[in-house]
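Breakdown of the fold
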Amino acid sequence: MTKPRKTPSPTAIFLDHAISASGRKQKHIAEDAGFPKPNVISMMKLGATKVPIDRIPALAEALGADADEFLDLALREYHPEIYDVLTDGELGLSDDELMLVTIFRTAFAGSTLPMTQDVSELIAKIFRLIWLVQFEAAANG
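These notes cover the structure that comes with them. These numbers were taken from a predicted model, which means no experiment stands behind them.

Rules of the game
Residues numbered from 1 in each chain as written. Predicted model: local features only at pLDDT ≥ 70, side-chain atom pairs only at ≥ 80, totals over all residues. Heavy atoms only, no water. Salt bridge = Lys/Arg side-chain N within 4 Å of Asp/Glu carboxyl O. Helix = DSSP H or I, 4+ residues; strand = E, 2+ residues; numbered from the N terminus. Buried < 20%, exposed > 50% of the residue type's maximum accessible area, 1.4 Å probe, protein only. Polar contact = N/O pair within 3.5 Å; in protein donor to acceptor, adjacent residues only side chain to side chain. Phe/Tyr/Trp six-rings, centres within 6.5 Å; stacked < 30°, edge-to-face > 60°. Lys NZ or Arg CZ within 6 Å of the ring centre and 35° of its normal. Axes fitted to C-alpha atoms, helices over the stretch in contact; angles between N-to-C directions. Parallel < 35°, antiparallel > 145°, perpendicular 65-115°, else oblique. Contact = heavy atoms within 4.5 Å. Nonpolar A, V, L, I, M, F, W, Y, C, P; charged D, E, K, R; others polar.

This model, assessed by the stated rule, comprises two salt bridges. The partner of D32 in a salt bridge is R24, with the nearest N and O atoms 2.6 Å apart. Between R76 and D72 there is a salt bridge, with the nearest N and O atoms lying 3.0 Å from each other. Of this pair, R76 and D72 both sit in helix α5 (residues 67-78), four residues apart, which is roughly one turn of that helix. The class of R76 is buried, set by a relative accessible area of 14%. What makes D72 buried here is its relative accessible area of 14%.

And the structure:
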């Protein structure tokens, strides 16, 4: 059973999902990523300590996760001002759009979702449903 996180950290959630998806024991992940003790992995996935930026490539490799997504998420969370400078505002995406990207990346923990026509249509239906719920709430409120 997973303990509650200290904070709702997108990076910690990504790490937790990647560990689960890897099927590997934290002891082996820690060894492969160069951490002397496996308890640091638990602390990072619970959000009790930050994932060291310089260890993300090795950690991603040990987990079979996408290092670029992992690094992007950690930089955005831990160093937003540096992230903004490096990405020039993420190509003009709004804060809400950036949140959607973060949710997507966190949910899939480095794996990919094939963007088939069916998946695209389902996502569009979900957004239309959200819009309808908000529209009805505004009309009734």
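Positionally, K45 belongs in helix α3 (residues 39-45). In terms of polar contacts, K45 uses its side chain to reach the side chain of Q26, at 2.8 Å.

In the structure shown here, the tally under the stated rule is two aromatic pairs. On the basis of an interplanar angle of 15° and a centroid distance of 5.2 Å, the ring pair of W131 and F135 is categorised as stacked. In this pair, W131 and F135 both sit in helix α8 (residues 117-140), four residues apart, roughly one turn of the helix. Assessed through its relative accessible area of 48%, F135 is described here as partly exposed. Stacked on the ring of F35, the Lys or Arg R55 has its end atom at 4.4 Å from the ring centre.

This part is about the packing of α5 against helix α6 (residues 80-87). One way to put it is that α5 packs onto α6 with a least axis distance of 5 Å and a crossing angle of 125°. One way to sum up the angle between α5 and α6 is to call them oblique. Contacts between α5 and α6 involve D72, L75, R76, E77 and Y78 from the first element and P80, Y83 and L86 from the second. For the contact of α5 with α6, the per-class residue count stands at five nonpolar, no polar and three charged.

With respect to the helices and strands, the residue L113 is situated in the loop between α7 (95-108) and α8. Discounting chain neighbours no more than four positions away, the residues touching L113 are F104, F108 and V119.

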